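# Coordinates in review
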Amino acid sequence: MPNEATLLLDLDGVSVIRVERLEDGTRRVHPATAEEAARACPECGAFARKAKGTTRTRPRGLPYGERGLVLLWHKRRW
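Residues numbered from 1 in each chain as written. Predicted model: local features only at pLDDT ≥ 70, side-chain atom pairs only at ≥ 80, totals over all residues. Heavy atoms only, no water.

## As for the overall build of the protein
As a reminder of what qualifies: For the purposes of this entry, the term helix denotes a DSSP run of H or I that reaches at least four residues, the term strand denotes a run of E that reaches at least two, and both are numbered from the N terminus. The criterion used for residue contact is that any of the two residues' heavy atoms lie within 4.5 Å. The Shrake-Rupley method, run with a 1.4 Å probe sphere, supplies the accessible areas, and residue values consider only the shown protein chains as cover.
Counting secondary structure elements, the protein contains one helix and five strands. Taken from N to C terminus, the helices and strands of the protein fall in the order α-β-β-β-β-β. In the protein, 39% of the contacts between residues at least 6 apart in sequence involve partners at least 24 apart. Approximately 6200 Å² of the protein is accessible, and the part contributed by carbon and sulfur atoms is 48%.

This is the structure:
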C-alpha cells in the first residue's frame, strides 16, 4: 500500500523523515528507505542483522512545483 511519500515523490518503499523550508523558499525533504527488502543480499537473499552505517545522497534535477525541492536521502548501509 502506498504511503504519503510514495504518492508525493512517486517512489515506492520510501518514507519522509521531515520537511524543512529554507530561507529562499526551497523545501528540503529528508526521505529514507522504508523497504524491508533493502537489507537483503541481492545475490543470496539473506537479510542483514545489523546496519554498517548510514549515508546521505542528494538526487538532483528533480523539478517539483514553482520552487525548488532538495532531497537529502538517508540510506542505511547493510
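Once the structure has been displayed, the description carries forward.
## What about the environment of arginine 58?
With respect to the helices and strands, the residue arginine 58 is situated in the loop between strand 3 (53-57) and strand 4 (69-71). For the pair formed by arginine 58 and tryptophan 73, sequence separation is 15 residues and the distance between their alpha carbons is 6.2 Å. Residue contacts for arginine 58: discarding those within four places in its chain leaves Val70, Leu71 and Leu72.

## What to know about the confidence of the model for the protein
The criterion, for reference: One confidence number per residue, pLDDT, is output by the predictor and ranges from 0 to 100.
Summary statistics for the protein give a mean pLDDT of 79 and a share of 82% for residues scoring 70 or more. The least confident element of the protein is helix 1 (residues 4-9), whose mean pLDDT is 66; the most confident is strand 1 (residues 14-21), at 86.

## Some points on the state of the cysteines
Threshold: A pair of sulfur atoms, both from cysteines and within 2.5 Å, is called a disulfide here. Each residue's exposure class comes from its accessible area (1.4 Å probe, protein chains only) as a fraction of the maximum for that residue type: buried when under 20%, exposed when over 50%, partly exposed otherwise.
One pass over the structure, following the stated rule, counts zero disulfides. As a non-bridged cysteine, cysteine 41 has cysteine 44 as the owner of its nearest cysteine sulfur, 3.7 Å distant. Judged by relative accessible area, which is 30%, cysteine 41 ranks as partly exposed.

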